[in-house]
Amino acid sequence: MLIERAYAHVASAPPDEWPWSVPCVRELLEDGLRFTAPVTFLVGENGSGKSTLVEALAEGFGLDSYGGSHDWRYASPRPKSPLGERVRFDPTAHGRRMMSDWAARKGFFLRAETALDALGREGVGPDSISHGEGFLAAFRDRFTRPGLYVMDEPEAALSFTSCLELIGHLNRLVESGGQVVCATHSPLLTALPGADIIEVGEHGTRRTAWSDLALVDHWRRYLADPRSYLRHILD
Ligand SMILES: Nc1ncnc2c1ncn2[C@@H]1O[C@H](COP(=O)(O)OP(=O)(O)O)[C@@H](O)[C@H]1O
Ligand SMILES: [Mg+2]
């Protein structure tokens with residue numbers, strides 16, 4: 001685990017303007033966001049601010065908001081967002097060296113929309129493999145160094161079995177001293193033992209147990225009886 005808190009100080013943050021209008025961003029400015037486990041999942045409804053938050057964390061760490069690894073930022077002079085450029089981190093004892101030296105920072109920002117491009121740059125041949133296979137090939141071969149791995153809905157491209165494999169890779173990253181922050185809607189991924197789950201919403205952020213997550217409850221009930229949901233939609 002490398003970082004135990006993220007925060008940002010911004011001189012002017014008009015509360016009616018994005019991204020300052022997003023409740024979890026306001027909380028980041030006011031209180032910061034604490035990390036208490038090597039894997040943190042961010043869950044919440046569409047539009048709750050998960051992507052805004054993970055992009056800012058990735059940028060603050062020195063990863064390109066477009067997606068890609070620590071090496072890519074040298075090739076891409078994209079300006080940081082007003083939030084991303086203000087994000088700072090409190091390192092753990094273990095993460096102090098990496099956080100004090102930009103060149104020592106390792107990691108990857110995986111976002112569904114740009115993953116194929118980003119992985120192509122990493123030398124994972126996107127032509128010969130499907131989106132999901134590319135994700136997994138990258139994890140198997142390249143995402144091995146301790147670093148900060150930020151992901152935005154990685155399950156979008158993955159089958160059930162591939163999601164299980166992804167959990168194995170996340171666990172391996174953590175065992176090698178890395179850290180993962182992952183926005184997700186997946187009841188499968190969030191079940192990783194020992195992971196921290198943060199619910200993002202109108203309230204800002206709050207820690208929740210897997211078994212108390214609304215998404216887990218919905219999936220359970222839907223799988224037990226799809227019609228209990230579908231009758232409201234299809235009638
Ligand atoms: N580039 C942007 N400009 C303006 N508003 C944005 C932008 N990106 C996202 N938003 C708004 O910020 C809010 C949070 O969006 P987002 O972080 O994408 O949520 P999530 O990833 O949880 O679905 C939404 O209301 C969305 O419309
Ligand atoms: Mg999103």
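Here's a quick rundown of the structure. (Residues numbered from 1 in each chain as written. Chains lettered and ligands numbered in written order. Predicted model: local features only at pLDDT ≥ 70, side-chain atom pairs only at ≥ 80, totals over all residues. Heavy atoms only, no water.)

**What to know about the pattern of salt bridges**
Moving on, step 1. Scanning the entire structure with this criterion turns up seven salt bridges.
Moving on, step 2. For Glu55, the salt bridge goes to Arg111, with nearest N and O atoms at 3.1 Å. Of the two residues, Glu55 sits in helix H2 (residues 50-61) while Arg111 sits in strand E6 (residues 107-111), which places them 56 residues apart along the sequence.
Moving on, step 3. According to the relative accessible area criterion, Glu55 is partly exposed, its value standing at 22%. (Salt bridge = Lys/Arg side-chain N within 4 Å of Asp/Glu carboxyl O. Helix = DSSP H or I, 4+ residues; strand = E, 2+ residues; numbered from the N terminus. Buried < 20%, exposed > 50% of the residue type's maximum accessible area, 1.4 Å probe, protein only.)

**What about the nonpolar core?**
Moving on, step 1. By size, the foremost hydrophobic cluster in this structure holds 33 residues, and its most contacted members are Leu83, Val87 and Phe89.
Moving on, step 2. Taken together, the elements giving at least two residues each to this core come down to strand E1 (3-8), helix H1 (23-30), H2, strand E5 (87-91), helix H3 (96-100), strand E7 (148-152), strand E8 (179-183) and strand E9 (196-201).
Moving on, step 3. Broken down by element, the residue count for this core peaks at six residues, all from H2.
Moving on, step 4. If we skip the residues at most four places from it in the chain, Phe89 touches Ile3, Arg5, Ala6, Tyr7, Leu57, Gly60, Phe61 and Met99.
Moving on, step 5. Among the nonpolar cores identified, the runner-up in size contains 26 residues, and Ala118, Phe143, Cys163 and Leu170 belong to it. (Core = buried A, V, L, I, M, F, W, Y, C linked by side-chain atoms within 4.5 Å. Contact = heavy atoms within 4.5 Å.)

**Let's talk about the packing of aromatic side chains**
Moving on, step 1. Here the structure, examined in full by the defined rule, presents six aromatic pairs.
Moving on, step 2. Both rings, one in Phe143 and one in Tyr149, keep their centres 5.6 Å apart while their planes meet at 45 degrees; by these two values the pair is tilted. Accessibility assignment for this pair places Phe143 and Tyr149 in one class, buried.
Moving on, step 3. Here a set of aromatic residues connected by ring pairs shows up, and it is made of Phe108, Phe139, Phe143 and Tyr149.
Moving on, step 4. Over the ring of Phe61 we find Arg105, and its NZ or CZ is 5.3 Å from the ring centre.
Moving on, step 5. Over the face of the ring belonging to Trp102 we find Arg105, whose NZ or CZ atom lies 4.0 Å from the ring centre. (Phe/Tyr/Trp six-rings, centres within 6.5 Å; stacked < 30°, edge-to-face > 60°. Lys NZ or Arg CZ within 6 Å of the ring centre and 35° of its normal.)

**Description of the pairing of E9**
Moving on, step 1. Burial of E9 is extensive: six of the six residues sit out of reach of the surface.
Moving on, step 2. Burial of E9 is two-sided: the residues Asp196, Ile198 and Val200 facing one way and the residues Ile197, Glu199 and Gly201 facing the other way are all buried.
Moving on, step 3. Summarising the sheet, strand E3 (residues 39-43) and E9 pair through four bridges and their orientation is parallel. Within E9, the residue paired with Leu42 across the bridge is Ile198.
Moving on, step 4. Direction of pairing for E9 relative to strand E10 (residues 204-207): antiparallel, over a ladder of four bridges. Bridging across to E10, Glu199 finds its partner in Arg206.
Moving on, step 5. From the end of E9 to the start of E10, which pair antiparallel, there are two residues. (Pairing = 2+ DSSP bridges.)

**Observations regarding the environment of Ala8**
Moving on, step 1. Tracing the backbone through its elements, the reader meets Ala8 in strand E1.
Moving on, step 2. Overall, the relative accessible area of 1% leaves Ala8 in the buried class.
Moving on, step 3. Residues Ala8 and Gly84, 76 residues apart in the sequence, show an inter-C-alpha distance of 8.7 Å.
Moving on, step 4. Beyond its immediate stretch of four places on either side in the chain, Ala8 contacts Leu28, Leu29, Leu83, Arg86 and Val87.

**Notes on the packing of helix H5 (residues 131-141) against helix H6 (residues 160-175)**
Moving on, step 1. Running from amino to carboxyl end, H5 crosses H6 at an angle of 25 degrees, the nearest separation of the two axes being 10 Å. On the basis of the axis angle, H5 is roughly parallel to H6. H6 is crossed by H5, and the crossing has left-handed handedness. Residues Leu136, Phe139 and Arg140 of H5 pack against Ser162, Glu165, Leu166, His169, Leu170, Arg172 and Leu173 of H6. (Axes fitted to C-alpha atoms, helices over the stretch in contact; angles between N-to-C directions. Parallel < 35°, antiparallel > 145°, perpendicular 65-115°, else oblique. Left-handed = near helix turned anticlockwise from the far one by under 90°.)

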